[in-house]
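Observations on chain architecture
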Number of protein chains: 2
Amino acid sequence: MEEKEISQAVISRLPRYFRYLGELKADGVERISSQDLSKLMNVTASQIRQDFNNFGGFGQQGYGYNVEFLYDEIGKILGLDQTHNFIIIGAGNLGRALGNYMNFERRGFLFKGMFDRNPELIGMDVRGVTVLHMDELEEFIKKNAIEIAVLTIPKTSAVEVAEKIVSYGIKAIWNFAHVDLEVPEGIQVENVHLSDSLMKLSYNLSRYKKEQE
Amino acid sequence: MEEKEISQAVISRLPRYFRYLGELKADGVERISSQDLSKLMNVTASQIRQDFNNFGGFGQQGYGYNVEFLYDEIGKILGLDQTHNFIIIGAGNLGRALGNYMNFERRGFLFKGMFDRNPELIGMDVRGVTVLHMDELEEFIKKNAIEIAVLTIPKTSAVEVAEKIVSYGIKAIWNFAHVDLEVPEGIQVENVHLSDSLMKLSYNLSRYKKEQE
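What follows covers the overall build of chain A. Along the backbone of chain A there are nine helices and nine strands. Looking at chain A as a whole, 54% of its 213 residues are labelled buried. Within chain A, contacts between residues separated by at least 24 positions form 55% of all contacts whose residues are at least 6 apart in sequence. Each charge class in chain A was averaged separately, 24 positive and 30 negative side chains, and the resulting centres sit 5 Å apart.

Residues and elements named next belong to chain B. Relative to each other, helix 1 (residues 8-26) and helix 4 (residues 67-77) sit at 145 degrees, their axes nearing to 9 Å. Crossing handedness for the pair helix 1 and helix 4: left-handed. In this structure, helix 1 uses L14, Y17, F18, L21, G22, L24 and K25 to contact helix 4, whose residues at the interface are V67, E68, L70, Y71, D72, I74, G75 and I77. The class makeup of the residues in the contact of helix 1 with helix 4 is 10 nonpolar, two polar and three charged.

This part takes up the relation of the copies chain B and chain A. Rotating chain B by 180 degrees and moving it 0.0 Å along the rotation axis overlays it on chain A with an RMSD of 0.0 Å. Between the two chains, the operation in question is that of a two-fold axis. Of the interface residues in chain B, 98% have counterparts in chain A that sit at the interface too, so the contact is made through matching surfaces.

Here the structure, examined in full by the defined rule, presents 28 salt bridges over all chains. Residue R127 of chain A pairs with E105 of chain A through a salt bridge whose shortest N-O separation is 2.9 Å. Of this pair, R127 of chain A sits in the loop between strand 5 (125-126) and strand 6 (129-133) while E105 of chain A sits in helix 6 (residues 103-106); the two residues are 22 residues apart in sequence, bridging distant segments of the chain. When salt bridges that share partners are traced, they join R16 and R19 of chain A together with D180 and D196 of chain B into one network.

Turning our eyes to something else, we now look at the interface of chain B and chain A. On the side of chain A, 65 residues touch chain B, which itself brings 66 residues to the contact. Roughly 5,900 Å² is buried in total at the junction of chain B and chain A, and carbon and sulfur atoms are behind 58% of that figure. If you look at where chain B meets chain A, you find 12 salt bridges. Residues D180 of chain B and R16 of chain A are paired through a salt bridge, measuring 2.8 Å at the closest nitrogen-oxygen approach.

A few words on the sheet that holds strand 5 (residues 125-126) of chain B. Taken in spatial order, the seven strands make up an open sheet running 5-6-4-3-7-8-9 (chain B), and their pairing is mixed. Pairing within the sheet leaves two strands with one partner each, and these edge strands are strand 5 and strand 9 (188-191) of chain B. Here two bridges tie strand 5 of chain B to strand 6 (residues 129-133) of chain B, and the two strands are oriented antiparallel to one another. Residue pairing for strand 6 of chain B: D125 of chain B is matched across the bridge by T130 of chain B. Helix 9 (residues 194-212) of chain A contacts strand 3 (84-89), strand 4 (109-116), strand 7 (148-151), strand 8 (172-175) and strand 9 of chain B of the sheet and is inclined by roughly 170 degrees relative to strand 9 of chain B. Strands strand 3, strand 7 and strand 8 of chain B of the sheet are contacted by helix 8 (residues 155-168) of chain B, whose axis makes an angle of about 170 degrees with strand 7 of chain B.

A few words on the environment of I48 of chain B. Residues and elements named next belong to chain B. Structurally, I48 is set in helix 3 (residues 45-53). Since its relative accessible area comes to 0%, I48 is described here as buried. C-alpha of I48 to C-alpha of I74: the two residues are 26 residues apart in sequence and 13 Å apart in space. In contact with I48, not counting residues within four places along its chain, are Y17, S34, L37, S38, V43 and Y65.

Take the packing of aromatic side chains next. Residue and element names in this part refer to chain A. Taken as a whole and judged by the stated rule, the model has 18 aromatic pairs over all chains. Each ring, one from F86 and one from F111, has its centre 5.6 Å from the other, and the planes form 25 degrees; the classification is stacked. On the criterion of sequence distance, the pair formed by F86 in strand 3 (residues 84-89) and F111 in strand 4 (residues 109-116) is long-range, its members being 25 residues apart. Taken individually, F86 and F111 each receive the classification buried, so the pair is uniform in this respect. An aromatic cluster of at least three residues, connected via ring pairs, comprises F86, Y101, F104, F111, W174 and F176.

On to the sheet that holds strand 7 (residues 148-151) of chain A, then. Residues and elements named next belong to chain A. Read across the open sheet, the seven strands follow the order 5-6-4-3-7-8-9; overall the sheet is mixed. Of all strands in the sheet, those with a lone pairing partner are strand 5 and strand 9 (188-191), marking the two edges. Sheet topology note: the strand 3/strand 4 ladder contains six bridges and is parallel. Paired with H84 across the bridge in strand 4 is F109. Sheet contacts for helix 8 (residues 155-168): strand 3, strand 7 and strand 8 (172-175); angle to strand 7, the most-contacted strand, approximately 170 degrees.

Moving on: empty space enclosed by the protein. Applying the stated criterion across every chain yields a total of one cavity of 30 Å³ or more. In this structure, the largest cavity spans a volume of roughly 40 Å³. Forming the boundary of the largest cavity are L198 of chain A together with F86, I88, L98, F104, I148, V150 and W174 of chain B. Grouping the amino acids of the lining of the largest cavity by side-chain chemistry returns eight nonpolar, no polar and no charged.

Another point: unusual backbone geometry. The residue R127 of chain A is not glycine, and still its phi comes out positive at about 45 degrees. Note on R127 of chain A: relative accessible area 30%, which makes it partly exposed. Unusually for a residue other than glycine, N42 of chain B sits at a positive phi of about 60 degrees. With respect to the element layout, N42 of chain B can be found in the loop between helix 2 (34-41) and helix 3.

Rules used throughout
- Residues numbered from 1 in each chain as written.
- Chains lettered and ligands numbered in written order.
- Predicted model: local features only at pLDDT ≥ 70, side-chain atom pairs only at ≥ 80, totals over all residues.
- Heavy atoms only, no water.
- Helix = DSSP H or I, 4+ residues; strand = E, 2+ residues; numbered from the N terminus.
- Buried < 20%, exposed > 50% of the residue type's maximum accessible area, 1.4 Å probe, protein only.
- Contact = heavy atoms within 4.5 Å.
- Lys, Arg positive; Asp, Glu negative; His and termini not counted.
- Charge placed at Lys NZ, Arg CZ, Asp CG, Glu CD.
- Axes fitted to C-alpha atoms, helices over the stretch in contact; angles between N-to-C directions.
- Left-handed = near helix turned anticlockwise from the far one by under 90°.
- Nonpolar A, V, L, I, M, F, W, Y, C, P; charged D, E, K, R; others polar.
- Least-squares fit on C-alpha atoms with pLDDT ≥ 70 in both.
- Salt bridge = Lys/Arg side-chain N within 4 Å of Asp/Glu carboxyl O.
- Buried area = accessible area lost by both parts, 1.4 Å probe.
- Pairing = 2+ DSSP bridges.
- Phe/Tyr/Trp six-rings, centres within 6.5 Å; stacked < 30°, edge-to-face > 60°.
- 1 Å grid on protein atoms, 1.4 Å probe; cavity = no way out; pocket = protein on both sides within 12 Å on 5 of 7 lines; lining within 4 Å.
- Points joined across faces, edges and corners; volume = space filled by probe spheres on them.

Set out below in structure tokens:
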């Protein structure tokens, strides 16, 4: 299918559609109208139709969407019909928490390796994966067709490590380091800046308290 | 200062300004023009001026912004000049990783308590905080003036727990459970849906690969 350029705002909403459709499917719902999906997800029906029209529409209005078909199609668009090998760089608390999260596997993200520089962490087992020294990154990435690297290292080393792993063949970085990475054209980066998220919560909390005074 | 209603898009950008200004400050930079800040942050200078104008502008164009003043002002807007007591509900890997993250303290977020239902986790020590049973939530929240709850529990129990803690006095929820919470007016929720973020990365990766074929 020829796809037009889709905005990142639309892309950001796809996983949420996928989640709701997965729940409907699990509940045995076969068809759903954009109106009902709209109420469930608390977005407008016109937003849903506009979003879906980016991908050809997925089904007739009025008659509603076939839940299983829509779920599968959005999954394919998200690349979840393929598997992606990933490694985690940084075997600290957050890295280990992500390594232990089984649900990624269910979506086709396969946890293949884990790396650190700290001798105390090297050799540790995280869900069947042995933490290796970062000197072994190049060989490991090339041998194991690793596409995605999860960066859970301090921001001071993240920029340098990102540059290296891209040169070793990494195509996508899921970045938890609190720094913006500069990567070449064609390398995908998705940031999870936890502190930023907490600050946004703090803003809304403070703002609301001021309004109540 | 009377503030007008600020869009969540602007709010989302404030922590990033705060981060860059903190780095400039640490580097000893005293003043910066919106043009230079624009280059550094890879956003347009007009975006920066528009964003700052929501808060009165912070300084003259041409002459540039006073870095320390701007850093402090944005910190105040984000509520970082106050302290916020928080608890973590869910003492699994992710909850413990967040509990062990010291930088939150530096921003005024004080880690006060941790809760779980799993008898194997209760009594565990996480950076000086003892994991308590969730039956103790009500008393603890009320006695310790807890404002923020971090939810790192499965989505099956998150909705019910959120309802309870709001009734106990929690004002803000940092939600890592993979479900949308419904909370009363005035309760702040900030979601970190890790799977959604990974799926977005997967989309961009798949999309790019298709374009290259």
